[in-house]
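So you can see what is in the structure, the chains are spelled out below.
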Amino acid sequence: MITVRRRFHIAVPLDDLVTYLEDFEHTEEWDPGTVRCVRVDEGPVRPGSTWRNTSRFRGRTSELVYRLEVRDPAHLVFVGTNKTVTSTDDMLFEAVSPSETSLMYQASLRFKGLARWATPFLRAEFERLADEVAERLPSAVAERHP
């Protein structure tokens, strides 16, 4: 399994940041690997809500279906699956002040079948992607919450 973690301080109130990130369609704005992300079900975002996410990694496109597993006031967990990987995005939020939030973002990937043999060779690439998320996420949020 590959796990990458990054901590962000974002100049947005905790509730606003959680509301933004709980809609996984916004990954198009802050995740450099996401090409397209579309909500599959309808209604308010809640545990069980699902999205179809198309990503590009190392020149290849793949599709995962993500499900919101945990939606607490300061915690979100999304789990995406397809035939070769299970991806978990775990986000923990903490108010630093009324107008600033600390976000601990952890992405874990567990490869299945023959793909699991590539795990040791992909870690550096996922660390690079996590660095790009660290650059893009704060600015994407700032554009939505000036």
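This structure is a prediction, so every number in the text was calculated from the model and none was measured. (Residues numbered from 1 in each chain as written. Predicted model: local features only at pLDDT ≥ 70, side-chain atom pairs only at ≥ 80, totals over all residues. Heavy atoms only, no water.)

Caption draft 1: A look at the side chain of Thr-34. Within the element layout of this structure, Thr-34 appears in strand β2 (residues 34–39). A relative accessible area of 9% means that Thr-34 is categorised as buried. Only 3.0 Å separates the side chain of Thr-34 from the side chain of Asp-31, close enough to count as a polar contact. Within the structure, the side chain of Thr-34 is placed 3.4 Å from the side chain of Asn-53, a separation counted as a polar contact. (Helix = DSSP H or I, 4+ residues; strand = E, 2+ residues; numbered from the N terminus. Buried < 20%, exposed > 50% of the residue type's maximum accessible area, 1.4 Å probe, protein only. Polar contact = N/O pair within 3.5 Å; in protein donor to acceptor, adjacent residues only side chain to side chain.)

Caption draft 2: Spotlight on the pairing of strand β3 (residues 50–57). Pairing of β2 with β3, which is carried by five bridges, proceeds in the antiparallel orientation. Each bridged residue has a counterpart across the sheet, and for Arg-36 the counterpart in β3 is Thr-54. Of the pairings in the sheet, the one linking β3 to strand β4 (residues 60–72) comprises eight bridges and is antiparallel in character. Across the sheet, Arg-52 pairs through a bridge with Val-65, a residue of β4. Between the end of β3 and the start of β4, which pair antiparallel, lie two residues, with Arg-58 showing a positive phi angle near 55 degrees. (Pairing = 2+ DSSP bridges.)

Caption draft 3: Layout of the sheet that holds β3. The seven strands lie next to each other as β1-β7-β6-β5-β4-β3-β2, forming an open sheet whose pairing is antiparallel. One side of each edge strand has no neighbouring strand; the edge strands of this open sheet are β1 (2–10) and β2. Between one strand axis and the next, the sheet turns by 20 degrees as a mean value, whatever way the strands run. Summarising the sheet, strand β6 (residues 85–97) and strand β7 (residues 100–111) pair through 12 bridges and their orientation is antiparallel. Across the sheet, residue Phe-93 finds its bridge partner in β7, namely Leu-103. Where helix α1 (residues 14–22) meets the sheet, it contacts β1, β3, β4, β5 (75–81), β6 and β7, and its direction lies at approximately 165 degrees from that of β6. (Axes fitted to C-alpha atoms, helices over the stretch in contact; angles between N-to-C directions. Contact = heavy atoms within 4.5 Å.)

Caption draft 4: Representation of the pattern of salt bridges in the model. What the rule picks out here adds up to seven salt bridges. Asp-41 serves as the salt-bridge partner of Arg-39, at 2.5 Å between the closest nitrogen and oxygen. A relative accessible area of 18% means that Arg-39 is categorised as buried. A salt bridge links Glu-132 to Arg-128, with the shortest nitrogen-to-oxygen separation between them at 2.0 Å. Linking Glu-132 with Arg-128, this pair stays in helix α3 (residues 119–144), spanning four residues, or about one helical turn. Take Glu-132: its relative accessible area is 25%, and that puts it in the partly exposed class. Using a relative accessible area of 37% as the deciding quantity, one classes Arg-128 as partly exposed. (Salt bridge = Lys/Arg side-chain N within 4 Å of Asp/Glu carboxyl O.)

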